[in-house]
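Reading the structure
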Amino acid sequence: MNMAASEKRLILLWAVLVAITALSWGSAHNFAGPRWQGVVVILLALVKVRFVILDFMEVRHAPKALRLALEGWVVVISAALVGMLLFPQG
Amino acid sequence: MKRLPGEEGIWVLIAGDLLVFSLFFLTFMYYRAGEMAVFLASQRTLSLGFGLANTLLLLTSSLFVAIATQRLRVTGKPAPKLYMAAIACGLGFVGDKAVEWGDKFHAGIGFTTNDFYMLYFAFTGIHLFHVLLGMGVLSFLTIACQRPNATTRGLVLIESGAIFWHLVDLLWIVLFALFYLVR
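Residues numbered from 1 in each chain as written. Chains lettered and ligands numbered in written order. Predicted model: local features only at pLDDT ≥ 70, side-chain atom pairs only at ≥ 80, totals over all residues. Heavy atoms only, no water.

Looking at the environment of Leu46(B)
Residues and elements named next belong to chain B. Going by this rule: Put simply, DSSP marks the helices as runs of H or I at least four residues long and the strands as runs of E at least two long, and each gets a number from the N terminus on. Think of it in three bands: residues with accessible area under 20% of the maximum for their type are buried, residues over 50% are exposed, and the middle band is partly exposed, with areas taken using a 1.4 Å probe on protein chains only. In what follows, residue pairs with any heavy atoms lying within 4.5 Å of each other are defined as contacts.
Along the polypeptide, Leu46 turns up in the loop between helix 2 (36-43) and helix 3 (48-75). Judged by its relative accessible area of 9%, Leu46 is buried. Contact partners of Leu46, with chain neighbours within four places excluded, come to Lys104, Phe116, Tyr117, Tyr120, Phe179 and Tyr180.

Written out as structure tokens, the structure is:
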């Protein structure tokens, strides 16, 4: 991949992250929103986090162990946060 | 081809910080579950626009840092202005936070108002400390990327600094979602 193409890819990713941010932000304006609003917001945030790890931190091309550890963390923290949101009584 | 970006040590620091902040995120959800009404009412007094602006500032700064670091490695050309642009975004973040917190203090809202605001000031405060630290790191990168060894022995150090700045961005993404957006 030449330089220009890899930089374009980063800019495209940034645009996607901004779009996801706008979407989550828009969903928060209705205070009496449906229950799944929070689930969607948390999952979208962790999708953004995954791409920051893979493409900004460049973990996509790092040794497998590091990638597995970080992607594993994303999955575990997503599940924990969504679980606590849906089942607040434990 | 697999290659570890940055020094090994930076990943130890990242892992430690992720675990500490994971604990913060879970603590927030735990208190929220116990005092849902207080948390939802307090959340309504936060400024969504300030939170959004800060998220966009950090995302954009991350883009500048990622491009500068990649360009240095691929073409050997330093891009100190991109690191400076990222520092400017960081300054914007700090200014935004100062105005936002100032508004809250002015309205009589502080650390001891309730559990929501206690966690809010504690966790976003610790994050703000990371932003300030990160701006110091970025200042170093503007100089380090112009040194003769920047594409050889100096590269991993520059990558490490960039990775730390992306961590600052990453942590804010989750804080913004939990404090401002989850209804």
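Section: the packing of helix 3 of chain B against helix 4 (residues 80-106) of chain B
Residue and element names in this part refer to chain B. Just so we agree on the cut-off: In this description, a line fitted to the C-alpha atoms serves as the axis of each element, helices being fitted only across the stretch in contact, and the angle between N-to-C directions of two axes falls anywhere from 0 to 180 degrees. By definition in this entry, angles of less than 35 degrees are roughly parallel, angles greater than 145 are roughly antiparallel, angles of 65 to 115 are roughly perpendicular, and the rest are oblique. Helix crossings get a hand from a simple test, with the near helix turned counterclockwise from the far one by less than a right angle marking a left-handed crossing and a clockwise turn marking a right-handed one. Residue polarity is assigned by list, with Asp, Glu, Lys and Arg as charged and Ala, Val, Leu, Ile, Met, Phe, Trp, Tyr, Cys and Pro as nonpolar; anything else, Gly included, falls into the polar class.
Where helix 3 meets helix 4, the axes come as close as 8 Å, and the angle between the chain directions of the two elements is 165 degrees. The angle between the axes of helix 3 and helix 4 places the two elements in the roughly antiparallel class. As for how helix 3 packs across helix 4, the hand of that crossing is left-handed. Of the residues contributing to the contact of helix 3 with helix 4, the split by class is 15 nonpolar, 5 polar and 5 charged.

Here's the deal with helix 3 of chain B
The test is simple: How far a helix is expected to stretch is found by multiplying one less than its residue total by 1.5 Å.
Counted at 1.5 Å a residue, the expected span for helix 3 of chain B with its 28 residues is 40 Å, and the 40 Å between its end C-alpha atoms agrees. Directly beyond the C-terminal end of helix 3 of chain B, a positive phi value near 80 degrees is found at Gly76(B).

Let's talk about the packing of aromatic side chains
Rule in force here: Between the rings of Phe, Tyr and Trp (Trp by its six-membered ring), a pair exists once the centres lie within 6.5 Å; its type follows the angle of the planes, with under 30 degrees stacked, over 60 edge-to-face, and the other angles tilted. In our convention, an over-ring charge means Lys NZ or Arg CZ found within 6 Å of a ring centre and within 35 degrees of that ring's normal.
The final tally for this structure, using the stated rule, is 23 aromatic pairs over all chains. Geometrically, the ring pair formed by Tyr30(B) and Tyr31(B) is edge-to-face, given 6.1 Å between the ring centres and 90 degrees between the ring planes. The exposure class assigned to Tyr30(B) is exposed, which follows from its relative accessible area of 60%. Measuring from ring centre to ring centre gives 6.5 Å for Phe116(B) and Tyr120(B), while their planes differ by 5 degrees; the resulting arrangement is stacked. On the criterion of helical spacing, the pair formed by Phe116(B) and Tyr120(B) is a turn pair, its members being 4 residues apart in helix 5 (residues 115-144). Positioned over the ring face of Phe51(A) is Arg50(A), at 5.8 Å from the centre of the ring.

Regarding unusual backbone geometry
The phi torsion of most residues other than glycine is negative, and most of the peptide bonds are trans. A positive phi angle, close to 65 degrees, is found at Glu58(A), a residue other than glycine. Glu58(A) sits in the buried class, given a relative accessible area of 17%.

Re the interface of chain B and chain A
Where we set the bar: In this description, buried area is defined as the sum, over both parts, of the accessible area (probe of 1.4 Å) that is lost when the two are combined. Salt bridges are defined as contacts in which a side-chain nitrogen from Lys or Arg sits within 4 Å of a carboxyl oxygen from Asp or Glu. N or O atoms closer than or at 3.5 Å make up a polar contact, with two conditions inside protein: a donor-capable atom paired with an acceptor-capable one, and, for residues adjacent in sequence, both atoms drawn from side chains.
Each partner contributes residues to the interface: chain B has 48 residues there, and chain A has 41 residues. In this assembly, chain B packs against chain A so that about 4100 Å² is buried in total across both faces, 77% of it on carbon and sulfur atoms. Summed over the shared surface of chain B and chain A, the number is 2 salt bridges. Between Arg71(B) and Glu7(A) there is a salt bridge, and its shortest N-O distance comes to 2.9 Å. Applying the counting criterion to the chain B and chain A interface returns 10 residue pairs in polar contact (both at pLDDT 80 or more). Secondary structure elements with two or more residues in the side of chain B that touches chain A: helix 1 (8-34), helix 3 and helix 6 (155-181) of chain B. The element that contributes the greatest number of residues to the side of chain B that touches chain A is helix 3 of chain B, accounting for 16 residues. A per-class count over the side of chain B that touches chain A returns 31 nonpolar, 8 polar and 9 charged.

Thoughts on the pattern of salt bridges
Per the counting criterion, the structure on display carries 9 salt bridges over all chains. In this structure, Arg67(A) engages Glu71(A) in a salt bridge whose closest nitrogen and oxygen atoms are separated by 2.7 Å. A residue pair is termed a helical-turn pair when its members lie 3 or 4 positions apart in one helix, as Arg67(A) and Glu71(A) do in helix 3 (residues 64-86) at 4 residues. The partly exposed category is assigned to Arg67(A), whose relative accessible area is 24%. Three or more residues joined by partner-sharing salt bridges are found here, namely Glu58(A), Arg3(B), Arg73(B) and Glu159(B).

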